[in-house]
Amino acid sequence: MLKDPTLTEWPDDGSSPSSATFPVFDPASPTSILAQVSSRDAKAAIEKCHDALPAWRDQTTAMHRSSLLSEWSKLIQSNSEDLATIMTLESGKALSESRGEVSYAKSFLDYYAAEAIRPTGAGGDPKGHVMAVQQAVGVSAMIAPWNFPLAMITRKVGPCLAAGCCAVAKPSELTPLSAIALKNLADRAGIPDGVFELVTASTESTPQVGTEFCTNPLVKKVSFTGSTRVGKILMQQASGTVKKVSMELGGNACFVVFEDADIDNAVNAAVSSKFRNAGQTCVCSDRFLIHASVHDEFVSKLAEKVKNMKVGPGMDPDTQMGPMINVAAVQSVTEKVKSAVADGATLYEQGSLPEDGTLLGPNSHFYPPTVLTNVSLDSDIWKTETFGPVAAIVSFETDEEALQIANNVDVGLASYFCTKDLSRAFSFAHKLEVGMVGVNEGIISSTVAPFGGVKESGIGTEGSPLGIKEYLETKYIFMKTAQ
Ligand code: SIN
């Protein structure tokens, strides 16, 4: 199925004491094991990065680092179909989405290849010369999630390497094959040994890797994308050696439709925001607030789209929404919907499941796209991130009410709203307590834009010129010139 099957070759390097392997499954067909992946030891990988750091940081020019990142990006482009296939097979997402993610992942390398060569600033003082230099932070450890198996790695490793740091990354145990392919392409691009190391580990060993990353004194920075619960544990562990941290944590995004919105556009934006990757993104809209005067029209148009959505294995070219990542994810969404209905919500629409009955049954990873209306604000599905293909809808009467409900959560990653009123758009965007806002648009992630949350959604920024600053620290040097 792959043009280049060597992309996922991952020999046992003997670093893991137990020489353990762990299985990787296809979520569309959970009984089939795609591969057995050998584990790699976190401490050994950190030490390799530490050894590689002086040469990478001090003896390479920014231009050289930039050219290696560009070469890596070119190899991703020439292997794009294989990378998309690997990603769909292990994460379940529709092939068209995987193809999009290959471009998204590659764009972080192109962007930081260019950012690497921008000059850093210096200034003057009558008594001497004031210089502020930017220096690479050092060995940086990264923990990436399964929902974007390529892009969440390049979004961290791209700026890290561009800044002159070395990266040790742990992919999710659910999607290691995409990361292995990325690492093999990095090697082929000429990224020196130890500059980008990968630590593969099973579910059971993952907490140990996290602890090693956060407590090993050779690591100077930890970057994590994942749940707020785990992010808090990692921050506590990293505080012992006062590491810099970047945390891209959970969300519970609002999608507000005002009475003056273009409803057809709002429905399209809602579908793309809600059902991207079967609702399994941190920035997916979860809480839909629809003005009472347009509520029924919006809901019936959204339900129509949901009814017609083609759900199936990601490798089927007609599939619009693939399976969820595992049975636990399906169970969590099933429970949330059940308890929302018990709290008074209406199950307004549930879309279809795959026609192929062999993909269904108690171990199936498929959950139908779902629309719930009249959801209680006290329901679990409203108060916590859904991470699944369910749109929970309530209606509102005034802008103040919508704002109060939107902000009444501990997290603040992204939110979206639809209106044609310019002054309302600016005012509402300013008052929303989130790091990212989409106005009349449901997908706003972009390499050139700052990605990050406020409140318990995290610390730090990825992407944009700010993304590279996370891997640099400023040193002030004063040189006396006047006698
Ligand atoms: C995420 O869900 O963590 C990232 C999504 C994105 O980059 O759009």
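Because the structure is a prediction, the values reported are computed rather than measured. (Residues numbered from 1 in each chain as written. Predicted model: local features only at pLDDT ≥ 70, side-chain atom pairs only at ≥ 80, totals over all residues. Heavy atoms only, no water.)

### Observations regarding the layout of surface pockets
What the largest pocket holds in volume is close to 1,000 Å³. Residue assignment for the lining of the largest pocket shows that the elements contributing at least two residues are helix H7 (206–215), strand E8 (219–225), helix H8 (228–239) and helix H11 (327–342). Partitioning the lining of the largest pocket into residue classes produces 18 nonpolar, 15 polar and five charged. Residues from two domains meet in the lining of the largest pocket; each of domain 1 (5–249 + 457–477) and domain 2 (253–446) gives at least three. (1 Å grid on protein atoms, 1.4 Å probe; cavity = no way out; pocket = protein on both sides within 12 Å on 5 of 7 lines; lining within 4 Å. Points joined across faces, edges and corners; volume = space filled by probe spheres on them. Helix = DSSP H or I, 4+ residues; strand = E, 2+ residues; numbered from the N terminus. Nonpolar A, V, L, I, M, F, W, Y, C, P; charged D, E, K, R; others polar. Domains from an automatic or database assignment.)

### Regarding the sheet that holds strand E14 (residues 390–396)
The seven strands are arranged E12-E13-E14-E11-E10-E16-E17 in an open sheet whose pairing can be described as mixed. The sheet is open, and its two borders are formed by strand E12 (346–350) and strand E17 (436–439), each paired with just one other strand. With direction set aside, neighbouring strand axes in the sheet form an average angle of 20°. Two strands pair when backbone bridges link them, and strand E10 (residues 253–257) and strand E11 (residues 285–291) are joined in this way by five bridges, in the parallel orientation. Counted as the bridge partner of Cys 254 is Arg 287 from E11. Most of the contacts of helix H14 (residues 422–431) go to strand E16 (residues 414–418), to which it runs at about 160°, and overall it touches E10, E16 and E17. (Pairing = 2+ DSSP bridges. Axes fitted to C-alpha atoms, helices over the stretch in contact; angles between N-to-C directions. Contact = heavy atoms within 4.5 Å.)

### Description of the domain arrangement of the protein chain
Segmenting the protein chain into domains produces domain 1 (5–249 + 457–477) and domain 2 (253–446). Across the contact, 21 residues belong to domain 1 and 26 residues belong to domain 2. Buried area between domain 1 and domain 2, both sides added, is near 2,000 Å², and the carbon and sulfur share of it is 63%. Taken as a group, Ala 28, Trp 146 and Ser 457 account for 25% of the area that domain 1 buries against domain 2, more than any other trio of residues on that side. Counting every contact that joins domain 1 to domain 2 gives zero salt bridges. Summed over the shared surface of domain 1 and domain 2, the number is seven residue pairs in polar contact (both at pLDDT 80 or more). Elements represented by at least two residues in the side of domain 1 that touches domain 2 include exactly helix H3 (80–91) and helix H4 (95–115). Residue contributions to the side of domain 1 that touches domain 2 peak at five residues, all from H3. (Buried area = accessible area lost by both parts, 1.4 Å probe. Salt bridge = Lys/Arg side-chain N within 4 Å of Asp/Glu carboxyl O. Polar contact = N/O pair within 3.5 Å; in protein donor to acceptor, adjacent residues only side chain to side chain.)

### Things to note about the sheet that holds strand E9 (residues 244–248)
Spatial strand order, E7-E6-E5-E8-E9-E19: six strands in an open sheet with mixed pairing. The sheet terminates laterally at strand E7 (196–198) and strand E19 (458–459), the two strands that pair on one side only. Sheet analysis places E8 next to E9, joined by five bridges and oriented parallel. For Lys 221, the partnering residue across the bridge sits in E9 and is Lys 244. Most of the contacts of H8 go to E9, to which it runs at about 180°, and overall it touches strand E5 (139–143), E8, E9 and E19.

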